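The residues making up each chain are set out below.
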Amino acid sequence: MKRVESLLFSPPRSRFDDKILLLYARGMTVREIQAYIQEIYQTEVSHNLISTITDEVMGEVETWQSRPLDRLYAILYLDVIVVKDSPML
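Residues numbered from 1 in each chain as written. Predicted model: local features only at pLDDT ≥ 70, side-chain atom pairs only at ≥ 80, totals over all residues. Heavy atoms only, no water.

## A look at unusual backbone geometry
- Despite not being glycine, Q42 shows a phi value in the positive range, around 50°.
- Note that Q42 resides in the loop between helix 3 (30–41) and helix 4 (47–55). (Helix = DSSP H or I, 4+ residues; strand = E, 2+ residues; numbered from the N terminus.)

What follows is the structure, given as structure tokens:
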């Protein structure tokens with residue numbers, strides 16, 4: 001019950017925080033995120049702030065990474081060839 005309550009009453013994150021988390025989830029380092037924000041938004045953000053934001057979700061990340069995997073996963077592979085059919089003259 002404690003986990004449900006913490007999810008229901010957790011303070012909302014800003015769109016800026018969500019952007020930082022998205023960049024972090026895509027594999028960017030804290031310094032790369034800092035440089036990206038400087039380039040795109042022309043504002044400086046300390047690496048400490050970025051680390052604080054990403055540390056907020058590290059518990060969830062570690063839980064997801066250590067989850068038990070299924071024994072079997074379905075894979076669908078599609079291959080297509082398009083041939084233009086033109087009438088012979």
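Still to come is the rest of the account.
## Thoughts on the packing of aromatic side chains
- With the rule as written, the count across this model stands at 0 aromatic pairs.
- Directly above the ring of W64 sits R67, whose terminal nitrogen or CZ lies 4.2 Å from the centroid. (Phe/Tyr/Trp six-rings, centres within 6.5 Å; stacked < 30°, edge-to-face > 60°. Lys NZ or Arg CZ within 6 Å of the ring centre and 35° of its normal.)

## Concerning the environment of Q38
- For Q38, the location among the structural elements is in helix 3.
- Accessibility expressed as a relative area gives 35% for Q38, which makes it partly exposed.
- Those residues in contact with Q38 that sit more than four places away from it in its chain are T43 and E44. (Buried < 20%, exposed > 50% of the residue type's maximum accessible area, 1.4 Å probe, protein only. Contact = heavy atoms within 4.5 Å.)

## Section: the packing of helix 2 (residues 15–25) against helix 3
- For the pair helix 2 and helix 3, interaxial distance at closest approach is 11 Å and the crossing angle is 130°. Looking at the two axes, helix 2 sits oblique to helix 3. Helix 3 is crossed by helix 2, and the crossing has right-handed handedness. Only I33, Y36, I37 and Y41 of helix 3 make contact with helix 2, whose side of the interface consists of F16, K19, I20, L23 and Y24.
- Here the residues of the contact of helix 2 with helix 3 are counted per class, giving 8 nonpolar, no polar and 1 charged. (Axes fitted to C-alpha atoms, helices over the stretch in contact; angles between N-to-C directions. Parallel < 35°, antiparallel > 145°, perpendicular 65-115°, else oblique. Left-handed = near helix turned anticlockwise from the far one by under 90°. Nonpolar A, V, L, I, M, F, W, Y, C, P; charged D, E, K, R; others polar.)

## Quick notes on the side chain of T54
- Within the secondary structure, T54 sits in helix 4.
- Taking the relative accessible area as the measure of exposure, T54 reaches 3% and is therefore buried.
- With residues up to four places along the chain from it excluded, the contact list for T54 reads I20, L21 and Y24.

## Notes on the nonpolar core
- I20, L21, L23, V30, I33, I37, V45, I50, I53 and V57 form the largest nonpolar core, which has 10 residues in total.
- Apart from residues no more than four positions distant in its own chain, L23 is found in contact with M28, I33 and Y36. (Core = buried A, V, L, I, M, F, W, Y, C linked by side-chain atoms within 4.5 Å.)

## A short note on helix 2
- Among the residues of helix 2, those classed as buried are D17, I20, L21 and L23. The buried residues of helix 2 all sit within an arc of 160° when viewed along its axis, so they share a single face. Of the exposed residues in helix 2, the ones pointing more than 90 degrees away from its buried face are R15 and A25.
- Structurally, helix 2 contributes buried residues whose contacts are with helix 3 and helix 4.
- A positive backbone phi angle near 100° is found at G27, which sits one or two residues after helix 2. (Arc of directions from axis to C-beta.)

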